[in-house]
Amino acid sequence: MNKRLIIALDFDNTRSTLDFLEHVDPEKCMVKVGLELFISEGWKILDLISEKGFEIFLDLKLHDIPNTVAGAIRKISNFNVSLTTIHLNGGKEMIKAADEVKGDVKILGVSILTSLSREDILEITSSEFDIYFDKLISVAKNTNIDGIVCSPNELNKLRDFNKLKVVPGIRNSISDDDQKRIMSSNDAYQNGADFIVVGRPITLSKDPAKALELFI
């Protein structure tokens, strides 16, 4: 996994996905299969993407009892998946169960979704954003999870976090969408991101190959 850019495949069908992949180089990026595409097309989409030479980040953000999550991770490990996600707030036992069956897949813990603001967190948890985030990172540090997914705005709190940091919410220009805590790709890399995740700025571009170059 020597590529730093992960393109989020924001599609809901196989044809659009494969058509898009014709315009990007698998030597320059990984790709992320999220919940919408996976629910629409199932496991077969992973094989079709693999056949085109791409490494896959399967982002389903699993969150359930330990036995159920372990079963899902065991299934995922049978496919060409490099990275996958579970929620850190599922707790240490859930993380341990996933780790024990992951095979060659690296598991990332989702911290706080980039669509959530500080006010959202206070409303959901009755806890200040920074306190809640620090508790989640403590869980990540004290388990065998391989890394985390976090907003670029939290990278400055992770200077001593020596696991993978995968960062969505990347925008190199002003946008009007559901990402609230954003940063440019250069700033994210400079602040310690190991991987950045970019979707619409590339997938909706008229020239995806050219747009991709702006993020690597």
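Cut-offs applied
Residues numbered from 1 in each chain as written. Predicted model: local features only at pLDDT ≥ 70, side-chain atom pairs only at ≥ 80, totals over all residues. Heavy atoms only, no water. Axes fitted to C-alpha atoms, helices over the stretch in contact; angles between N-to-C directions. Helix = DSSP H or I, 4+ residues; strand = E, 2+ residues; numbered from the N terminus. Parallel < 35°, antiparallel > 145°, perpendicular 65-115°, else oblique. Left-handed = near helix turned anticlockwise from the far one by under 90°. Contact = heavy atoms within 4.5 Å. Nonpolar A, V, L, I, M, F, W, Y, C, P; charged D, E, K, R; others polar. Salt bridge = Lys/Arg side-chain N within 4 Å of Asp/Glu carboxyl O. Buried < 20%, exposed > 50% of the residue type's maximum accessible area, 1.4 Å probe, protein only. Pairing = 2+ DSSP bridges. Polar contact = N/O pair within 3.5 Å; in protein donor to acceptor, adjacent residues only side chain to side chain. Core = buried A, V, L, I, M, F, W, Y, C linked by side-chain atoms within 4.5 Å. Phe/Tyr/Trp six-rings, centres within 6.5 Å; stacked < 30°, edge-to-face > 60°. Lys NZ or Arg CZ within 6 Å of the ring centre and 35° of its normal.

Student: Looking at this model, I keep getting lost on the packing of helix H4 (residues 66–76) against helix H5 (residues 92–100). Mind explaining?
Tutor: For any two helices packed against each other, the geometry comes down to the angle between their axes and how far apart the axes lie. At their nearest, the axes of H4 and H5 sit 8 Å apart, and the two run at 30 degrees to each other. One element, H4, and the other, H5, form an angle in the roughly parallel class. The element H4 and its partner H5 pack so that their crossing is right-handed. Contacts between H4 and H5 involve Pro66, Val69, Ala70 and Ile73 from the former and Glu93, Met94, Ala97 and Ala98 from the latter. Taken together, the residues of the contact of H4 with H5 break down into seven nonpolar, no polar and one charged.

Student: Help me understand the pattern of salt bridges in this model?
Tutor: Opposite charge on two side chains lets them pair, provided their charged atoms get close. Under the counting rule described, the total for this entry stands at eleven salt bridges. For glutamate 100, the salt bridge goes to lysine 96, with nearest N and O atoms at 2.6 Å. Of this pair, glutamate 100 and lysine 96 both sit in helix H5, four residues apart, which is roughly one turn of the helix. For glutamate 100, a relative accessible area of 54% gives the class exposed.

Student: Could you clarify how one ought to interpret the sheet that holds strand S6 (residues 147–149) in this entry?
Tutor: What holds strands together in a sheet is hydrogen bonding between their backbones, with the strands either parallel or antiparallel. Strand order in the closed barrel formed by eight strands is S1-S2-S3-S4-S5-S6-S7-S8, with parallel pairing between adjacent strands. Strand-to-strand twist across the sheet, computed as the mean angle between neighbouring axes with direction ignored, equals 25 degrees. The strands touched by H4 are strand S3 (56–62), strand S4 (83–87) and strand S5 (106–110); relative to S3, the strand with the most contacts, the crossing angle is about 170 degrees. Where H5 meets the sheet, it contacts S3, S4 and S5, and its direction lies at approximately 160 degrees from that of S4.

Student: Hey, could you run me through the environment of isoleucine 216 in this one?
Tutor: Tracing the sequence through the fold places isoleucine 216 in the segment after helix H10 (208–213). Judged by its relative accessible area of 41%, isoleucine 216 falls in the partly exposed class. Each residue touching isoleucine 216, except ones within four places of it in the same chain, is listed here: Leu5, Lys28 and Tyr189.

Student: Mind showing me how you'd approach the side chain of glutamate 55 here?
Tutor: Topologically, glutamate 55 is positioned in the loop between helix H3 (44–51) and S3. Of note is the side chain of glutamate 55, whose polar atom sits 3.3 Å from the side chain of serine 82.

Student: How do you make sense of the nonpolar core when you look at a structure like this?
Tutor: Most often, soluble globular proteins keep nonpolar side chains buried together rather than apart. Ranked by internal contacts, the top residues of the largest apolar core, which has 63 residues, are Leu5, Val33 and Ile86. Top contributing element to this core by residue count: helix H7 (residues 129–141), with seven residues. When residues no more than four places from it in sequence are discounted, the contact partners of leucine 5 are Lys28, Cys29, Met30, Tyr189, Ile196, Val198, Ile202, Leu212, Phe215 and Ile216. Of all hydrophobic cores here, the second largest spans twelve residues; its members include Met30, Leu108, Val166 and Val197.

Student: Help me understand the packing of aromatic side chains, please; the structure alone is not making it clear to me.
Tutor: Each pair of aromatic rings is reported with the distance of its centres and the angle of its planes. For the coordinates displayed, the defined rule picks out three aromatic pairs. Judged by centre distance (4.8 Å) and plane angle (15 degrees), the rings of tryptophan 43 and phenylalanine 79 are stacked. In this pair, tryptophan 43 is assigned in the loop between helix H2 (35–41) and H3 and phenylalanine 79 in the loop between H4 and S4, connecting sequence segments 36 residues apart. An aromatic cluster is built from Phe38, Trp43 and Phe79, whose rings are joined through pairwise contacts. The ring of tryptophan 43 has lysine 75 sitting right over it, with the charged end atom 5.5 Å from the ring centre.

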